[in-house]
Amino acid sequence: MKSRLVPVRCPFCGYTTILKKETYVVASFDDRLKEKLYEGSYFRFHCPKCKSDSIYAHPMLYYDAAKRFVLLLNEHRQETSFQPDILCEQVHTSEDFVEYLHILDQLLYPSQIMSLKEKLHDRYPATQIRFDSLENEVLWFINKTNQGEQMIGIELKNVPFIYRRK
């Protein structure tokens, strides 16, 4: 793992600080860090001045050798070169990073899940939908509305264009 100092600014009060954060993460090195990334708490900032919580992002490369993928978090798209059998995905927000990590960790293809999300958005247009997990051959999505959250489950057998990576 490799770390660097990252400036973080509270969007509510403007308080600025610097945090030491990882920029290169290998999945097998630190289970605690992987869990923080997976649950989304790694990119949360609690402001000591106004006590507000916010989300931030910084450039990061996450590599999982066992599951053969690389996930890049970067504000701008950049050219990359990896072995042909390693799936490489780039995202631009910490929220997308967490969602893609869930997808890739389940050995799914992000493009297929994003296609399914588009179909769900057609059905639930005024909501925010995020992939959550694949459990018992059911794809689970979190559907956020102004009234709260609900889970949407879709059986894998009912979505013929979704298949798992080997």
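Moving on, we get to helix α2 (residues 94-105). End to end, α2 covers 16 Å across 12 residues, agreeing with the expected 16 Å (1.5 Å per residue, within 8%). Among all positions of α2, only S94, F97, V98, E99, Y100, L101, H102, I103, L104 and D105 are buried. At the exit of α2 stands L107, carrying a positive phi of roughly 60°.

Before going further, it helps to examine the layout of surface pockets. Here the largest pocket defines a volume of roughly 430 Å³. Lining the largest pocket are 18 residues, with E39, E95, V98, R130 and K144 positioned closest to its centre. Listing elements by their share of the lining of the largest pocket, those giving two or more residues are α1 (31-39), α2, β8 (128-135) and β9 (138-145). Classifying every residue of the lining of the largest pocket gives 6 nonpolar, 4 polar and 8 charged.

With that out of the way, let us pick up unusual backbone geometry. A positive phi angle is found at R68, which is not glycine, with a value near 60°. Mapped onto the secondary structure, R68 falls in the loop between β5 (60-64) and β6 (69-73). With phi around 65°, E137 is a residue other than glycine that occupies positive phi space. Topologically, E137 is positioned in the loop between β8 and β9.

Here we come to the sheet that holds strand β7 (residues 87-91). Spatial strand order, β1-β2-β5-β6-β7: 5 strands in an open sheet with mixed pairing. Looking at the sheet topology across the chains shown, the edges are occupied by β1 (2-9) and β7. Averaged over all adjacent pairs, the angle separating strand axes in this sheet is 25°, with direction ignored. The sheet contact formed by β1 and strand β2 (residues 16-26) spans 8 bridges and is antiparallel. Looking at the pairing, V6 lines up with L19 of β2.

Let us now look at the packing of α2 against helix α3 (residues 110-123). For the pair α2 and α3, the least separation of the axes is 9 Å and the interaxial angle reads 120°. Between α2 and α3 lies a crossing of right-handed hand. Where α2 abuts α3, its residues E99, Y100, I103 and L104 lie against P110, I113, M114 and K117. Grouping the constituent residues of the contact of α2 with α3 by class yields 6 nonpolar, no polar and 2 charged.

This brings us to the environment of L107. With respect to the helices and strands, the residue L107 is situated in the loop between α2 and α3. Spatially, the C-alpha atom of L107 lies 12 Å from that of I86, the residues being 21 residues apart in sequence. Non-local contacts of L107, meaning those with residues more than four positions away in its chain, are made with K67, Y163, R164 and R165.

Where β1 hands over to β2, the hairpin turn is made up of 6 residues, of which G14 adopts a positive phi near 90°. In this sheet, β5 lies alongside β2 in parallel orientation, the contact comprising 3 bridges. Paired with V25 across the bridge in β5 is Y62.

It is at 7 Å that the axes of α1 and α2 come closest, and there the two elements cross at 115°. Comparing their axes, α2 and α1 come out roughly perpendicular. Contacts between α1 and α2 involve K34, L37 and Y38 on the former and, on the latter, F97, V98, L101, H102 and D105. Residues belonging to the contact of α1 with α2 are distributed by class as follows: 5 nonpolar, 1 polar and 2 charged.

Each value, and the rule that gives it
Residues numbered from 1 in each chain as written. Predicted model: local features only at pLDDT ≥ 70, side-chain atom pairs only at ≥ 80, totals over all residues. Heavy atoms only, no water. Helix = DSSP H or I, 4+ residues; strand = E, 2+ residues; numbered from the N terminus. Expected span 1.5 Å × (residues − 1). Buried < 20%, exposed > 50% of the residue type's maximum accessible area, 1.4 Å probe, protein only. 1 Å grid on protein atoms, 1.4 Å probe; cavity = no way out; pocket = protein on both sides within 12 Å on 5 of 7 lines; lining within 4 Å. Points joined across faces, edges and corners; volume = space filled by probe spheres on them. Nonpolar A, V, L, I, M, F, W, Y, C, P; charged D, E, K, R; others polar. Pairing = 2+ DSSP bridges. Axes fitted to C-alpha atoms, helices over the stretch in contact; angles between N-to-C directions. Left-handed = near helix turned anticlockwise from the far one by under 90°. Contact = heavy atoms within 4.5 Å. Parallel < 35°, antiparallel > 145°, perpendicular 65-115°, else oblique.

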